[in-house]
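# Fold and geometry: a report
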Amino acid sequence: CDRKNVVSGFQERGDLVKKRSAGMKQDDLEILHDIQKKTRKAMTVIDVVLDKTVDDKLCIELSEHALEYAKIHNRAIEELLRNQGEVYRGNSLEEIAIKGGIHADTIFNISTPHLAGLMIRKSSEGLTDIWKTIRHHQRAGELCMEMAEELADFEEQNIQKYKEFL
């Protein structure tokens, strides 16, 4: 395998992606990438917590939330692809850090109230982050803003539902 050709191929592809995403407003791109990042993080958190919970009602709630996060995530990808924008690609170090943090936080306590509290904290972080994104990208289009606000509303609803498990 010729390393130089592989590297230059990636550079060419990267340039192509940058050229294609030039038609989309930067604020739209940033919001959609943030939606992807936040929903991916939420799905990772849920995946780890699902393995630890023994409460059937919490399992069902988490599974439903994971499905909704996936829907929002996929709509952000569809919007990026429709506008020929670059899709955000997370890295494995982020995922390892997320999973490691949850494992550390649940090493001694996997009770339902503790897991619900963890989910409340993670949803609160996601809510805060998405509102920061909305405020920093005021020039984004209506559709992207609506998607970000939908994610924020969903996080707020999740917090209320998780409180029932405390």
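Residues numbered from 1 in each chain as written. Predicted model: local features only at pLDDT ≥ 70, side-chain atom pairs only at ≥ 80, totals over all residues. Heavy atoms only, no water.

Counting its secondary structure elements, the protein contains six helices and zero strands. Taken from N to C terminus, the helices and strands of the protein fall in the order α-α-α-α-α-α. Residues counted as buried form 41% of the 166 residues belonging to the protein. Here the protein displays about 9,900 Å² of accessible surface, and carbon together with sulfur accounts for 52% of that area. (Helix = DSSP H or I, 4+ residues; strand = E, 2+ residues; numbered from the N terminus. Buried < 20%, exposed > 50% of the residue type's maximum accessible area, 1.4 Å probe, protein only. Areas by Shrake-Rupley, 256 points an atom, 1.4 Å probe, with all protein chains shown as cover.)

Take the packing of helix H2 (residues 26-52) against helix H4 (residues 92-105) next. Where H2 contacts H4, the two axes come as close as 10 Å, and the packing angle between them is 35 degrees. Crossing of H2 against H4: the hand is right-handed. Counted together, Lys41, Thr44, Val45, Val48, Val49 and Lys52 of H2 and Glu95, Ile98, Lys99, Ile102 and His103 of H4 form the full contact between these two elements. (Axes fitted to C-alpha atoms, helices over the stretch in contact; angles between N-to-C directions. Left-handed = near helix turned anticlockwise from the far one by under 90°. Contact = heavy atoms within 4.5 Å.)

Moving on to the packing of helix H3 (residues 56-82) against helix H6 (residues 142-163). In the contact formed by H3 and H6, the axes pass within 11 Å of each other and the chain directions differ by 170 degrees. By the criterion of interaxial angle, the relationship of H3 to H6 is roughly antiparallel. Facing H3, whose interface residues are Leu58, Glu61, Leu62, His65, Glu68, Tyr69, Ile72, Arg75, Ala76, Glu79 and Arg82, H6 presents Leu143, Met147, Glu150, Leu151, Phe154, Glu155, Asn158, Lys161 and Tyr162. Its residues assigned to classes, the contact of H3 with H6 shows ten nonpolar, two polar and eight charged. (Parallel < 35°, antiparallel > 145°, perpendicular 65-115°, else oblique. Nonpolar A, V, L, I, M, F, W, Y, C, P; charged D, E, K, R; others polar.)

Grouped together as the largest cluster of nonpolar side chains are 38 residues, with contacts concentrated most on Ile31, Leu32, Ile35, Val49, Leu62, Ile102 and Met119. Not counting residues up to four positions away in its chain, the partners in contact with Ile31 are Thr133, His137, Ala140, Cys144, Met145 and Ala148. (Core = buried A, V, L, I, M, F, W, Y, C linked by side-chain atoms within 4.5 Å.)

Moving on to H6. With 22 residues, H6 extends 32 Å from end C-alpha to end C-alpha; this agrees with the ideal 32 Å at 1.5 Å per step. Looking at the buried residues of H6, the elements they touch are H2, H3 and helix H5 (112-136). (Expected span 1.5 Å × (residues − 1).)

Here the focus is the packing of aromatic side chains. On inspection of all chains with the given rule, the structure shows one aromatic pair. Here Tyr69 and Phe154 contribute two aromatic rings whose centre-to-centre distance is 4.9 Å and whose plane-to-plane angle is 80 degrees, an arrangement assigned as edge-to-face. Placement of Tyr69 in helix H3 and of Phe154 in helix H6 is noted, with a sequence separation of 85 residues between them. Taking the relative accessible area as the measure of exposure, Phe154 reaches 10% and is therefore buried. (Phe/Tyr/Trp six-rings, centres within 6.5 Å; stacked < 30°, edge-to-face > 60°.)

The end-to-end C-alpha distance of H3, which contains 27 residues, comes to 39 Å, matching closely the 39 Å that a straight helix rising 1.5 Å per residue would cover. All of the buried residues along H3 are Leu58, Glu61, Leu62, His65, Ala66, Tyr69, Ile72, His73, Ala76, Glu79 and Leu80. Summarising the contacts, the buried residues of H3 are in contact with H2, H5 and H6. By the N-cap criterion, in which a side-chain oxygen at the helix start approaches the backbone nitrogen of a residue two or three places on, H3 is capped by Asp55, the distance to Lys57 being 2.9 Å. Looking one or two residues past H3, Gln84 carries a phi angle of roughly 55 degrees, positive in sign. (Polar contact = N/O pair within 3.5 Å; in protein donor to acceptor, adjacent residues only side chain to side chain.)

Moving on, we come to the side chain of Thr53. Inspection of the secondary structure assignment puts Thr53 in the loop between H2 and H3. On the basis of relative accessible area, Thr53 is assigned to the buried category, the value being 9%. Reaching out from Thr53, the side chain makes a polar contact with the backbone nitrogen of Asp55 at a distance of 3.4 Å. With residues up to four places along the chain from it excluded, the contact list for Thr53 reads Leu58, Cys59, Leu62 and Leu115.

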